[in-house]
Amino acid sequence: MLQVTTTIPATRDVIRKWKKDGYSVGLVPTMGYLHEGHASLIQKCREENDRVVVSVFVNPTQFGPGEDLEAYPRDFERDRALCESLGTDLIFHPEPEEMYQDPHAYVSIDTLSDTLCGKTRPIHFKGVCTVVSKLFHIVTPDRAYFGQKDAQQLAIIRKMVQDLNFDITIVGCPIIREADGLARSSRNTYLSPEERQAALCLSQAVARGQQIIAPGIASQTVIDAMTAVISAEPLARIDYVSVVDALDMQPVDHVEKNVLVALAVYIGRTRLIDNFLYEVAP
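Definitions and cut-offs
Residues numbered from 1 in each chain as written. Predicted model: local features only at pLDDT ≥ 70, side-chain atom pairs only at ≥ 80, totals over all residues. Heavy atoms only, no water. Helix = DSSP H or I, 4+ residues; strand = E, 2+ residues; numbered from the N terminus. Rg over C-alpha atoms; globule rule 2.2 N^0.38 Å. Contact = heavy atoms within 4.5 Å. Areas by Shrake-Rupley, 256 points an atom, 1.4 Å probe, with all protein chains shown as cover. Lys, Arg positive; Asp, Glu negative; His and termini not counted. Charge placed at Lys NZ, Arg CZ, Asp CG, Glu CD. Phe/Tyr/Trp six-rings, centres within 6.5 Å; stacked < 30°, edge-to-face > 60°. Buried < 20%, exposed > 50% of the residue type's maximum accessible area, 1.4 Å probe, protein only. Lys NZ or Arg CZ within 6 Å of the ring centre and 35° of its normal. Expected span 1.5 Å × (residues − 1). Core = buried A, V, L, I, M, F, W, Y, C linked by side-chain atoms within 4.5 Å. Pairing = 2+ DSSP bridges. Axes fitted to C-alpha atoms, helices over the stretch in contact; angles between N-to-C directions. Salt bridge = Lys/Arg side-chain N within 4 Å of Asp/Glu carboxyl O.

Section: the overall build of the chain
Phase 1: When helices and strands are counted, the chain shows ten helices and nine strands.
Phase 2: The globule rule puts the C-alpha radius of gyration for 282 residues at 19 Å, and the 19 Å found for the chain is close to it.
Phase 3: Principal-axis analysis of the C-alpha atoms places the extent of the chain at approximately 55 × 45 × 40 Å.
Phase 4: Counting contacts in the chain only where the partners sit at least 6 residues apart, residues at least 24 apart contribute 72% of the total.
Phase 5: Summed over all atoms, the accessible surface of the chain reaches about 13,400 Å², with 49% contributed by carbon and sulfur.
Phase 6: Here the chain carries 28 positive and 37 negative side-chain charges, and the mean point of each set is 3 Å from the other.

What follows is the structure, encoded as C-alpha cells:
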C-alpha cells in the first residue's frame, strides 16, 4: 500500500522499520510532474529493491534568478496515481521549509560543474548536490536511480557519492523518448504545438552526431554538423553543443576516449537538453 510522508521524521520512521525487517530500499529522486522517463526509473527501482521510495520535491536551490521555479509544472495527485500504479511504496513530498533551514549548508562538486549546463546555470548543480545529499541522508537507500538525459547531473552525483563516501549504488537509466524522438521532459509541457514540432531539431542533431562520430574525429567536426541541424530551425537558439570527457565533463579536442556529446537549446523561451554517449573501443 502506498504511503505518503511530508516530514523528515515520518520518512525516517518508515525507513527504519523496513531496514529492521531486512528490506532493501531504492530511491527515485524527482521534481514531480512525472512522465514515462520517470516511470522507467521507478520500474527499474521496483525490479531491484524490496521497497521503492519516490521523492516529489521542486527544489528551489537549483533554480537561478529568472528561471522557472514558480512556473515549473506541478500535479501531485497525478504523480501519486502514477507511483501507485507502478508499485511505489512511499512518496516523500516535503515543503521547502521542511528541507531547508535558513541559513543552511550547501554541497558542491565544482570540478564537474563548470561546463555544459553548469556554465550557464552556475548555481544549479550546487542546489542539485545539496538536495540529493539530503535525500540520501533521509532515505538511506541502497540504490538511487537517475536518468541519462541529465548526463552531467548523473556524473556529478556519482562523483559526490564517491568523494563523500555514501554507501549507495547509483544506477543510470537510458533516455526515454517520444515516438518522434523528442526526449521526455516535464518542460515539454511549456511548448506550443509549433514549438513542439521545432523541438525535434534536438533529437535530429543527436542523430546526426551519432552518424558521423568516430574514433579520432575532431570534436569541432561533430559540433559543426549538429549545430547546422539546429540552426536550420528558426525557433531554436543554441545554448551549447559540446563534446566532453565522459568522466570529468571537460571539453576534448578529438574523440580519443569515451565522450559525452551534449546540447542545450532554447525553443522559444523553453530550454531543453539532449545528449548521447560514445564509447571508444579499447
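Having put the structure on the table, let's press on.
Some remarks on the packing of aromatic side chains
Phase 1: Throughout the structure, instances matching the rule amount to three aromatic pairs.
Phase 2: Ring plane angle 35 degrees and centroid distance 6.4 Å describe the contact between Phe-57 and Tyr-100, whose orientation is recorded as tilted. Remark: Tyr-100 occurs in the loop between α4 (96-99) and α5 (117-120) and Phe-57 occurs in the loop between β3 (51-56) and α3 (76-85); sequence separation between them is 43 residues.
Phase 3: With a centroid separation of 5.4 Å and an interplanar angle of 75 degrees, the aromatic rings of Phe-136 and Phe-166 are classed as edge-to-face. Within this pair, whereas Phe-136 is found in helix α6 (residues 124-139), its partner Phe-166 is found in the loop between α7 (151-163) and β6 (169-173), the two being separated by 30 residues in sequence.
Phase 4: Judged by relative accessible area, which is 2%, Phe-136 ranks as buried.
Phase 5: Judged by relative accessible area, which is 14%, Phe-166 ranks as buried.
Phase 6: Seen from the ring of Tyr-266, Arg-237 lies directly overhead, with NZ or CZ sitting 4.2 Å from the centre.

Details of α6
Phase 1: With 16 residues, α6 extends 22 Å from end C-alpha to end C-alpha; this agrees with the ideal 22 Å at 1.5 Å per step.
Phase 2: Among the 16 residues that make up α6, 13 are buried, leaving the element largely enclosed by the rest of the structure.
Phase 3: Residue Thr-140 follows α6 closely and has a positive phi angle near 45 degrees.

Let's talk about the nonpolar core
Phase 1: Ranked by size, the top nonpolar core spans 45 residues in total, and within it Phe-136 and Ile-170 carry the most contacts.
Phase 2: Among the secondary structure elements, those contributing two or more residues to this core are α1 (8-20), β2 (25-30), β4 (90-92), α6, β5 (143-147), α7, β7 (236-245) and β8 (259-267).
Phase 3: Counting residues per element, this core draws most heavily on α6, which supplies nine residues.
Phase 4: Discounting chain neighbours no more than four positions away, the residues touching Phe-136 are Leu-27, Pro-141, Ala-144, Phe-146, Ile-157, Met-160, Val-161, Phe-166, Ile-168 and Ile-170.
Phase 5: Counting residues in each nonpolar core, the second largest holds 30 residues, with Leu-202, Val-222, Met-226 and Val-259 among its members.

Section: the sheet that holds strand β9 (residues 270-278)
Phase 1: In space, the three strands of this open sheet follow the order β7-β8-β9, with antiparallel pairing throughout. Edge strands, defined here as strands with exactly one partner in the open sheet, are β7 and β9. For this sheet, the mean angle separating the axes of adjacent strands, direction not counted, is 15 degrees.
Phase 2: As defined by bridge partners, β8 adjoins β9 across nine bridges and the pair is classed as antiparallel.

A short note on the pattern of salt bridges
Phase 1: For the structure shown, the criterion picks out 14 salt bridges.
Phase 2: For Asp-245, the salt bridge goes to Lys-257, with nearest N and O atoms at 3.4 Å. With a gap of twelve residues between them, Asp-245 in strand β7 and Lys-257 in the loop between β7 and β8 connect regions that are remote in the sequence.
Phase 3: Given a relative accessible area of 8%, Asp-245 falls into the buried group.

A closer look at the environment of Glu-194
Phase 1: Its place among the elements puts Glu-194 in helix α8 (residues 193-198).
Phase 2: We classify Glu-194 as exposed; its relative accessible area is 59%.
Phase 3: Between the alpha carbons of Glu-194 and Ala-228 there is a distance of 20 Å; along the sequence they are 34 residues apart.

Structural notes on the sheet that holds β3
Phase 1: On the basis of which strands lie adjacent, the open sheet formed by six strands has the order β1-β4-β3-β2-β5-β6 and parallel pairing. Each having just a single partner strand, β1 (3-5) and β6 make up the two edges of the open sheet. Taking the axes of each pair of neighbouring strands and ignoring which way they run, one obtains an average angle of 25 degrees across the sheet.
Phase 2: Examined bridge by bridge, β5 and β6 share five bridges and lie parallel to one another. Within β6, the residue paired with Arg-143 across the bridge is Thr-169.
Phase 3: Seen against the sheet, α1 touches β1, β2, β3 and β4 and runs at an angle of roughly 150 degrees to β4.
Phase 4: Packing against the sheet, α6 makes contact with β2, β3, β4, β5 and β6, and its axis sits at approximately 150 degrees to β2.

Observations regarding the side chain of Gln-148
Phase 1: With respect to the helices, strands and loops of the structure, Gln-148 is situated in the loop between β5 and α7.
Phase 2: With sequence-adjacent residues up to four places away left out, Gln-148 is seen in contact with Leu-154, Cys-173, Pro-174, Ile-175, Leu-260, Asn-275 and Leu-277.

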